[in-house]
Structures are given as C-alpha cells and as structure tokens.
Amino acid sequence: MTGISITVSHEKIRAGALLDQLTGADPECGGVASFTGQVRLEPGLVALELEHYPAVTENALQAIAETATRQWSLHQAVIHHRVGRMEIGETLVFVAATAPHRREALDAVGYMIDLLKTEAPFWKQVHTKDGSHWVEARDTDREAANYWTDQMTSEDA
Amino acid sequence: MPITIRYMAALRDRMGKSEDVMELPSGITDSDALTAHLQDLDPAAHALAHPSIRLILNDAIAPRPSPIRSGDTLAFCPPFTGG
C-alpha cells in the first residue's frame, strides 16, 4: 500500500510523532528514513519566517513526493513544511520515506529535501535584532537538486 | 478584463507593493513583453527580468516566457529558498 502525505501549516511540526506513525506500521518495509530540518542558531538571528504560495506549494510538494514514490518504490512518502515565524531550534521541515530496503528510503528522503528547496515556492526571511532580510538562493542547493535530476536522466538514457 | 501581477517575497520589497492590476496593453502576449512594459513604467521592475526569476501563472509554476492574456494572474518569484 502506498501513500503520500503533504502538509504546509503554521502549526508546530512534531517530528517524533510523525516518525512514530511510520515506524512498525508496514511489515513489508525494512527501511524508514527521515530528515528533520530545524532553525539553526546563527549570529544575530532572532527568528526565521517562511512565506509560500498557497496551493502551488502543495502541488509542487505532491509532485516531488510522487516522483520519489515512483523512482524508489516507496510505500509512504511524507513532507511536512512549516510556514510563518519560527524560533531557533524549531522544526521547519520533516521529510520521511518508507520502503522495503534502506537504500531506497534514504535516497528518496535525500531527493525530496533537495528538490523541495529549489522547486517549491517557499521564501525564507531572517529576522535579526537589527532588521530583516530575505535569504538568497545558494548554488549548493541548486547543485544538490541537479545531482538527483542528472542521476534520473542518466538512468532513463 | 484586467491582468493581476503579483510580486513575491524580496520582489515585493523591491517593487514597494504586492501586486498591480492593469489592463493588458494591446500587443503584449507573453511574460517577457509584459516584463519589458513594467520596466517602462517603473525602473525598479528591472529586477523582474533577472534570469533567476521564476513565474507562477494562474496557480501553476510556468516557464519563461509564458503566453499571457487578460484575466490571468502572473506572479514574479525570486528563487525558492524552502527547507
């Protein structure tokens, strides 16, 4: 049985509870992999604020999860992304995958987190005690997404 | 029927507004032509022409250039920075 869960919400993400729902739930799955992204302490940072484009964001995440499910034969694919204002240490994204074998689950999680950074319409704003600024896209994020799409292209060739 | 133009995130700050609603000038049929027109109206709109800017057209991510017509909603988006 396969399933995809996409959530974009202002509510706090309870990564442990989400992982618990997947662990032990499917006897055909030997691998449950996950990634939890949280707001990192940086000099001067007071809070992070995530803006998105409703409906388009959810559709983009759904497409990413569907691609991962097909590519790695996932049983479950989960992407929860928080929006709004977050404090240091709070979870802003949770990605998980279940599959019969560990490699598929691990690769799928890597793919989903790398793709969502560049292919889903979220924008990060940093609030410091001196003001606010938008986070600029990083070449390393683009390269990470390209790694996966290049791999898939070469497999299809 | 007017076209709605949205400016997202850093572009909203750059433009000093979140959206414009205007009648589509005759002869403008795609997003590149509209971008050039917006630059004629406001020099700040040169930021919309940067190659990194993505488009959302009527609630779907769209390539540049994309055909546009009256009644559309076109959003100019800085590169995405989620996760």
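Residues numbered from 1 in each chain as written. Chains lettered and ligands numbered in written order. Predicted model: local features only at pLDDT ≥ 70, side-chain atom pairs only at ≥ 80, totals over all residues. Heavy atoms only, no water.

**Some points on the pattern of salt bridges**
Residue and element names in this part refer to chain A.
So, step 1. Across all of its chains, the model carries 10 salt bridges over all chains by this definition.
So, step 2. Two residues, Glu-42 and Arg-40, come together in a salt bridge whose shortest N-O distance is 2.9 Å.
So, step 3. Asp-107 is paired through a salt bridge with Arg-103; the nearest N and O atoms lie 3.5 Å apart. Residue Asp-107 and its partner Arg-103 are both found in helix α3 (residues 102-119); the two are separated by four residues, about one turn of the helix.
So, step 4. Linked through salt bridges whose partners overlap, the residues forming this network are Lys-12, Arg-82 and Glu-90. (Salt bridge = Lys/Arg side-chain N within 4 Å of Asp/Glu carboxyl O. Helix = DSSP H or I, 4+ residues; strand = E, 2+ residues; numbered from the N terminus.)

**Some remarks on the packing of aromatic side chains**
So, step 1. Considering all chains together, one arrives at six aromatic pairs over all chains under this definition.
So, step 2. Arranged with centres 5.7 Å apart and planes meeting at 85 degrees, the rings of A:Trp72 and A:Trp148 form a pair that is edge-to-face. One end of the pair, A:Trp72, is in helix α2 (residues 56-72); the other, A:Trp148, is in helix α4 (residues 139-156), and 76 residues separate them in sequence.
So, step 3. A residue is classified by how much of its surface remains accessible, and A:Trp148, at 9% relative accessible area, is buried.
So, step 4. With 6.4 Å between their ring centres and 15 degrees between their planes, B:Tyr7 and B:Phe76 make a pair best called stacked. Here the residue B:Tyr7 occupies a position in strand β1 (residues 3-7), and B:Phe76 occupies one in strand β5 (residues 73-77), the gap between them amounting to 69 residues. Each member of the pair B:Tyr7 and B:Phe76 is classed as buried.
So, step 5. One aromatic cluster is present, formed by A:Trp72, A:Tyr111, A:Tyr147 and A:Trp148 through successive ring pairs. (Phe/Tyr/Trp six-rings, centres within 6.5 Å; stacked < 30°, edge-to-face > 60°. Buried < 20%, exposed > 50% of the residue type's maximum accessible area, 1.4 Å probe, protein only.)

**Some words on the sheet that holds strand β2 (residues 19-22) of chain B**
All names here are of chain B.
So, step 1. Spatial strand order, β2-β1-β5-β3-β4: five strands in an open sheet with mixed pairing. The open sheet is flanked by β2 and β4 (61-62), the only strands paired with a single partner.
So, step 2. With four bridges joining them, strand β3 (residues 54-57) and β5 adopt antiparallel strand pairing. Across the sheet, the residue bridging to Leu-55 is Phe-76, located in β5. (Pairing = 2+ DSSP bridges.)

**So, the interface of chain B and chain A**
So, step 1. Of the residues lining the interface, 20 residues belong to chain B; the matching set on chain A comes to 24 residues.
So, step 2. Both faces considered, chain B and chain A share a buried interface measuring about 1700 Å² in area, 57% of it formed by carbon and sulfur atoms.
So, step 3. Of all residues in chain B, B:Phe80, B:Thr81 and B:Gly83 give up the largest surface area on contact with chain A, accounting jointly for 37% of the area buried on that side.
So, step 4. At the boundary of chain B and chain A, one finds two salt bridges.
So, step 5. Salt-bridge contacts for A:Glu119 lead to B:Arg54; the nearest nitrogen and oxygen are separated by 3.0 Å.
So, step 6. Put simply, chain B and chain A have 12 residue pairs in polar contact (both at pLDDT 80 or more) between them.
So, step 7. At the level of secondary structure, the elements contributing two or more residues to the side of chain B that touches chain A comprise α1 (10-15), β3 and β5 of chain B. (Contact = heavy atoms within 4.5 Å. Buried area = accessible area lost by both parts, 1.4 Å probe. Polar contact = N/O pair within 3.5 Å; in protein donor to acceptor, adjacent residues only side chain to side chain.)

**Some details on the sheet that holds strand β6 (residues 91-99) of chain A**
All names here are of chain A.
So, step 1. Strand order in the open sheet formed by four strands is β1-β4-β6-β2, with mixed pairing between adjacent strands. One side of each edge strand has no neighbouring strand; the edge strands of this open sheet are β1 (3-9) and β2 (31-38). In this sheet, adjacent strand axes meet at a mean angle of 5 degrees when their direction is disregarded.
So, step 2. Examined bridge by bridge, β1 and strand β4 (residues 76-82) share seven bridges and lie parallel to one another. Bridge pairing in β4 places Ile-4 opposite Ala-77. (Axes fitted to C-alpha atoms, helices over the stretch in contact; angles between N-to-C directions.)

**A look at unusual backbone geometry**
With the exception of glycine, the majority of residues adopt a negative phi angle, and the majority of peptide bonds are in the trans configuration.
All names here are of chain B.
So, step 1. Residue Pro-65 is bonded to the preceding Arg-64 through a cis peptide linkage, with omega at -5 degrees.
So, step 2. As for its position among the elements, Pro-65 is in the loop between β4 and β5.
So, step 3. In this structure, Ala-9 is a non-glycine residue whose phi angle is positive, near 50 degrees.
So, step 4. Within the secondary structure layout, Ala-9 lies in the loop between β1 and α1.
So, step 5. Among the residues examined, Ala-9 registers a relative accessible area of 1% and is labelled buried.
So, step 6. One non-glycine residue, Asp-59, adopts positive backbone phi at about 70 degrees.
So, step 7. Looking at the element boundaries, Asp-59 is found in the loop between β3 and β4.

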